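Below are the chains, spelled out letter by letter.
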Amino acid sequence: DESSGYESESAERSAAAACGTRGRQRRARTAFTSEQVCRLEKTFQRQKYLGATERRKLAAALQLSEIQIKTWFQNRRMKLKRQI
């Protein structure tokens, strides 16, 4: 009596959903220092969108990844939009 395998797949998916994992772990939330936030805010006041070059330079200066810079700017633009 062989199974199609669907039952075990369903059980695995249920277990993963119950644990909150879906195949990969979430990154820990980045705790920006006050100096980093200050520099990010000053840069944001000058320009709302960063090009690749500016993002790369800012990431290197603040010792953050380019993705962290990109995400911070996306979140900051959404915050500004909510405030307006």
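Residues numbered from 1 in each chain as written. Predicted model: local features only at pLDDT ≥ 70, side-chain atom pairs only at ≥ 80, totals over all residues. Heavy atoms only, no water.

We apply this condition: UniProt positions are given in the numbering used here, feature names are shortened, and annotations may be inferred rather than shown by experiment.
Going by an unreviewed UniProt entry, the chain carries the name VENT1 protein and comes from Pitta sordida. What UniProt states about the chain under its Subcellular location (unreviewed entry) heading is, verbatim, "Nucleus". The UniProt entry for the chain carries the following text under Sequence similarities (unreviewed entry): "Belongs to the BAR homeobox family."

1. Observations regarding the environment of Arg77
Defined as follows: Helix numbering and strand numbering both begin at the N terminus, where a helix is a DSSP run of H or I of at least 4 residues and a strand a DSSP run of E of at least 2. The contact criterion used throughout is that any non-hydrogen atoms of two residues lie within 4.5 Å.
For Arg77, the location among the structural elements is in helix 4 (residues 66-83). The sequence separation of Arg77 and Lys48 amounts to 29 residues, and the corresponding C-alpha distance is 7.1 Å. Ignoring any residue separated from it by four or fewer positions in sequence, one finds Arg77 in contact with Phe44, Lys48 and Tyr49.

2. Some remarks on the packing of aromatic side chains
Under the convention used in this document: Between the rings of Phe, Tyr and Trp (Trp by its six-membered ring), a pair exists once the centres lie within 6.5 Å; its type follows the angle of the planes, with under 30 degrees stacked, over 60 edge-to-face, and the other angles tilted. Only protein chains enter the accessibility calculation, which uses a 1.4 Å probe; a residue is then buried when its area is under 20% of its type maximum, exposed when over 50%, and partly exposed in between. The criterion for a charge sitting over a ring is simple: Lys NZ or Arg CZ within 6 Å of the ring centre, and within 35 degrees of the ring normal.
Tallied over the entire structure, the rule returns 3 aromatic pairs. Taking the centre distance of 5.9 Å and the plane angle of 55° together, the rings of Phe44 and Phe73 count as tilted. Placement of the pair is Phe44 in helix 2 (residues 34-46) and Phe73 in helix 4, with a sequence separation of 29 residues. Like Phe73, Phe44 is buried. For the pair Trp72 and Phe73, a centre-to-centre distance of 5.3 Å together with 70° between the ring planes defines the contact as edge-to-face. Here the aromatic cluster, defined as three or more aromatic residues joined through ring pairs, consists of Phe44, Trp72 and Phe73. For Lys48, the ring lying beneath its charged end belongs to Phe44, and the centroid distance is 4.7 Å.

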